[in-house]
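# Coordinate analysis (summary)
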Amino acid sequence: MQRRKAGKKSQEADGSANKSAGKEGKPAAPAAAPAAARKAGPTPKPTAAAQPSEPSPALQAAAALVALVLLLFAHHAAVRLLAPQTGEWLASSFCSLALYALALAAAALGHAAVQACSLLPGSSSKKASAGVSHTAWWLAAGWATVIGALRPERLAGGLLLAPGLADGSGRRITDAQLTLRAMATAALAFGPLCAALGCAAGACGSCALRQAAPGSRPLLAGLPMVAGTAAAGMALGLPAAVLPLRPGSTLPPALAAAAAVMAVALAPRQAGRLGSGPVFAAAGAVATSAALIAASLRQPCTAVQRPLQGGRYTVLWRCEMAAGGQLSVVEGTLNDQYRYRLLRLDHSVMGGEYLAPPEAAGQPVYTAFYLQQAAALLNSNGNRSLHVGLGIGTAVKAMQRLGVVADTIELHPEVQHAAQQYFGLQPSLHGGRAMVGDAARLVPRLAAEAGPRYHYVLHDVFSGGGIAPPLMGRPFFRELRAVLAPGGVLAVNYFGGKGGGLKQAWCRLRLEFDSVRAFSDLEKSRLRNHVLFASDANLAAVNLTAALAAVEARSAAIQAAAAGAGSSGSTESQQAGQPLEVLDPLQLQVWRALPRQEVHLTFDRQRCQQLLEREGEPAGRSNGSSSGGSAAGSSGEDTEQRPPSLEQLAAGKQAKKKPPGKLGQAQRAKQAQQAQRGGGQRPPWVWREMKELRERHALAVGHWVAMRTGWSDAFWQD
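Residues numbered from 1 in each chain as written. Predicted model: local features only at pLDDT ≥ 70, side-chain atom pairs only at ≥ 80, totals over all residues. Heavy atoms only, no water.

### Some points on the environment of R306
- Assignment of secondary structure puts R306 in strand β1 (residues 301–308).
- Separated by 10 residues in the primary sequence, R306 and L316 have C-alpha atoms spaced 7.0 Å apart. (Helix = DSSP H or I, 4+ residues; strand = E, 2+ residues; numbered from the N terminus.)

### Looking at a nonpolar patch on the surface
- Where nonpolar side chains cluster on the molecular surface, the patch consists of L97, Y100 and L104 and spans about 290 Å² of accessible area.
- In this fold, L97 is placed in helix α5 (residues 94–117). (Patch = residues over 30% accessible without salt bridge, like charges linked within 9 Å, V, L, I, M, F, W, Y side chains within 5 Å. Areas by Shrake-Rupley, 256 points an atom, 1.4 Å probe, with all protein chains shown as cover. Salt bridge = Lys/Arg side-chain N within 4 Å of Asp/Glu carboxyl O.)

### Notes on helix α17 (residues 439–448)
- For α17, the full list of buried residues reads A439, L442, V443, L446 and A447. Axial view of α17: buried residues confined to an arc of 140°, hence all on one face. Opposite the buried face of α17, at more than 90 degrees from it, the exposed residues are R441, R445 and A448.
- Tucked inside the fold, the buried residues of α17 contact β6 (384–388), β7 (405–410), β8 (434–436), β9 (454–459) and α18 (474–483).
- The N-terminus of α17 is capped by D438, whose side-chain oxygen sits 3.2 Å from the backbone nitrogen of A440. (Buried < 20%, exposed > 50% of the residue type's maximum accessible area, 1.4 Å probe, protein only. Arc of directions from axis to C-beta. Contact = heavy atoms within 4.5 Å. Polar contact = N/O pair within 3.5 Å; in protein donor to acceptor, adjacent residues only side chain to side chain.)

### Regarding the sheet that holds strand β10 (residues 484–496)
- Pairing in this open sheet of 8 strands is mixed, and the strands run β8-β7-β6-β9-β10-β12-β11-β13 from one edge to the other. The open sheet has two edge strands, β8 and β13 (598–599), and neither has a second partner.
- Running at roughly 140° to β7, α17 makes contact with β6, β7, β8 and β9 of the sheet. (Pairing = 2+ DSSP bridges. Axes fitted to C-alpha atoms, helices over the stretch in contact; angles between N-to-C directions.)

### A short note on the nonpolar core
- Ranked by size, the top nonpolar core spans 54 residues in total, and within it W137, F190, L193, L197 and L255 carry the most contacts.
- A total of 14 residues in this core trace back to one element, the largest contributor, which is helix α3 (residues 57–86).
- Counting 40 residues, the second-largest nonpolar core is a separate cluster that includes A518, V599, F603 and C608. (Core = buried A, V, L, I, M, F, W, Y, C linked by side-chain atoms within 4.5 Å.)

### Points about the state of the cysteines
- A full pass over the atoms with the stated rule returns 2 disulfides.
- The residue that forms a disulfide with C301 is C319, at a sulfur-sulfur distance of 1.8 Å. Here C301 is found in strand β1, whereas its partner C319 is found in strand β2 (residues 313–320), with 18 residues between them in sequence.
- There is a disulfide in this structure between C507 and C608, and the S-S distance comes to 2.5 Å. Where C507 bonds to C608 through sulfur, the torsion about that S-S bond is close to -65°, and the disulfide is left-handed. (Disulfide = S-S within 2.5 Å.)

### Some words on the UniProt feature "transmembrane region" (unreviewed entry) in the protein
- Here, UniProt's "transmembrane region" (unreviewed entry) annotation points to residues 61–83, 89–114, 135–151, 187–209, 221–243, 249–267 and 279–297.
- The span residues 187–209 is 100% helical and 0% strand by assignment, and the distance between its end C-alpha atoms comes to 30 Å. (UniProt positions renumbered as here; feature names shortened; annotations may be inferred.)

### Observations regarding the packing of α17 against α18
- In the contact formed by α17 and α18, the axes pass within 8 Å of each other and the chain directions differ by 35°. Where α17 crosses over α18, the handedness of that crossing is left-handed. Across the interface between the two elements, A439, A440, V443, P444, L446 and A447 of α17 pack against F476, E479, L480, A482 and V483 of α18.
- Among the residues forming the contact of α17 with α18, the class breakdown is 10 nonpolar, no polar and 1 charged. (Left-handed = near helix turned anticlockwise from the far one by under 90°. Nonpolar A, V, L, I, M, F, W, Y, C, P; charged D, E, K, R; others polar.)

### Focus on the side chain of H387
- With respect to the secondary-structure elements, H387 resides in strand β6.
- The exposure class assigned to H387 is buried, which follows from its relative accessible area of 2%.
- Polar contacts involving the side chain of H387 include one to the side chain of S385, which spans 3.0 Å.
- Excluding its chain neighbours within four sequence positions, the residues that come into contact with H387 are A395, V396, M399, A406, D407, T408, I409 and L458.

### Quick notes on the pairing of β7
- Counted residue by residue, β7 has 6 buried out of 6 residues, so it is predominantly covered.
- Here β7 shows a buried face lined by V405, D407 and I409 and a second buried face lined by A406, T408 and E410.
- Of the pairings in the sheet, the one linking β7 to β8 comprises 3 bridges and is parallel in character. Considered in β8, the bridge of E410 is made with V436.
- Since β7 and β8 lie parallel, the crossover through helix α16 (residues 413–422) that links them has a hand, and here it is right-handed. (Right-handed = clockwise from strand over helix to strand, strands pointing away.)

### Some remarks on the packing of aromatic side chains
- Overall, the coordinates contain 5 aromatic pairs when judged by the stated rule.
- Note on W317 and Y422: the rings are 5.9 Å apart at their centroids and 35° apart in plane angle, and the pair reads as tilted. Of this pair, W317 sits in strand β2 while Y422 sits in helix α16, placing them 105 residues apart in sequence.
- On the basis of relative accessible area, W317 is assigned to the buried category, the value being 4%.
- Where Y340 meets Y354, the ring centres are 6.4 Å apart and the plane angle is 85°; that geometry is what we call edge-to-face. Highlighted residues: Y340 in strand β4 (residues 338–345) and Y354 in strand β5 (residues 348–356), separated in sequence by 14 residues. Residues Y340 and Y354 agree in their burial class; the two are buried.
- In textbook terms, an aromatic cluster arises when at least three aromatic residues are bridged by ring pairs, as seen for Y338, Y340 and Y354. (Phe/Tyr/Trp six-rings, centres within 6.5 Å; stacked < 30°, edge-to-face > 60°.)

Below, the structure written as structure tokens:
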């Protein structure tokens, strides 16, 4: 009875409580819960911050753009680091093609990986998609660090030269084999970096497009356009204004730091915070990159004494130029008798001189320099010369020995320093000037000056298997013509065969000068040096034998004057830069062989215009000279508006002959067809570009093989 009464009282109490709560507008209290549940408190609900958050679409799109920009700089760094072994042409053409193909394939793979991850259920899809781009960025940072810490040019030398080249023709590789080896070298050394950046660009762009809102997707559709611009940038190269100094050393660590920062920025975030691992990894990558940059900027040029191949070669000085490229001074021996010193820029030898024995000391290792100095034979009364392209200063010193005031123009200040420090060049001798800069800008300034003109201009800018096209064009030849004195001679060095390239160089000079003569070097190889001499004077009337006799008499007079001063006087003359021997025996041998080495090209201006028109160059010759100077020695042929066409010439020749019969009609028809093909239509642009590509490739590969077979392979593995 008491239990029932207690239960009824508790029920009545609960009911009255509920009624009072309802009157006050408060919710009714819940039923009594177990004591354990009341002690534990309320059950926590899952929050969104506990789930990993994926980067925003805007950040992914920005990461894709950054990846494309870094890909351009990575490509430039690869070209600069491969050029010492493969050469500038192979590095910027076929090696670039291999890297571009790898980056494109990796970008497609990154996009496909993100799309495949999107098929996963729930949060796994977002986590996997973010992981693709995050991993690609860390791979790019790691490989860029490896490239910056190691020396990939050594790896490139070993891969390119294995199994090696030899003086015997049995082990020499073909052009195709060399090209494939260069592409494989680029793929092994720099392929992972370009592939990682390409994968990051494809994955980030795919994530941005997949996560973006429908209204913002048209803006993100511009990513393919940016990708096309990046591809064009890889093909054309980057402007010098956006490149750092010494890109071979500074770009890899900078790429590693940038990739590490992007990897940290794209890392999945947990509760709004990053883990300590990525932060420390990024800090380590940035610190390593800063150390590498500081080391590369501290001593870009160093004097070393490093023997190679058992002492056969010794590296005296090495320098990484500000514009890129490895410059080094090396001494070597030949047949245990001749000791020489070379100046090497990347894989190309810019010049060299013999040091011993005494009878050969001072002679250049290439007789082409003597060929250029033959300008003194074609104009024996000159006293001032301009040298476009310095090298080691062999031609400059030869002109100075003849008493000529020599001014020089050199693009790289490091080359100027090496020529003075290690090859005894005195650019200020007799009042000469040493100018450093781009000849395309400095020569017009010289033409605008009111000072004396030059009797000789020696143009030798060949390096690495090619010449900068602006320095071999007619506008630049026109500027050089403006700085020449009346009767002055321009000597242009051309390396290659007796093919279309030599004919084009001849025609460019023929359309700007009244007289042109060409001579080949004494070497018997298919690819060798040719020197073209151009002047407004009649060079064909110069008797080379008589001119050589006059120069010999002049040098003998200088030598007799120096010897007449006695032993003390000779010492003073040598200290003043005037040696006793003006012409060495090898120089006389080269000059005496000039009549046998002449290349007989008899193209007139009409035919030269047609030849250059077929190659896509504009026709016609400028009336007068460039701004800042007047051309001397111009004839009536210079002022004609346009020479007669082939049809007019053919008609004039036929009018002087007897009345045409059947044979004459056939000849006229054939001449008309030839005139229509030669002077009317030009080959397609693609055909001309492919032809130039083949010629440049053959020239660059031939120069590469000549450098490798002329000197030891170990010389390029240092």
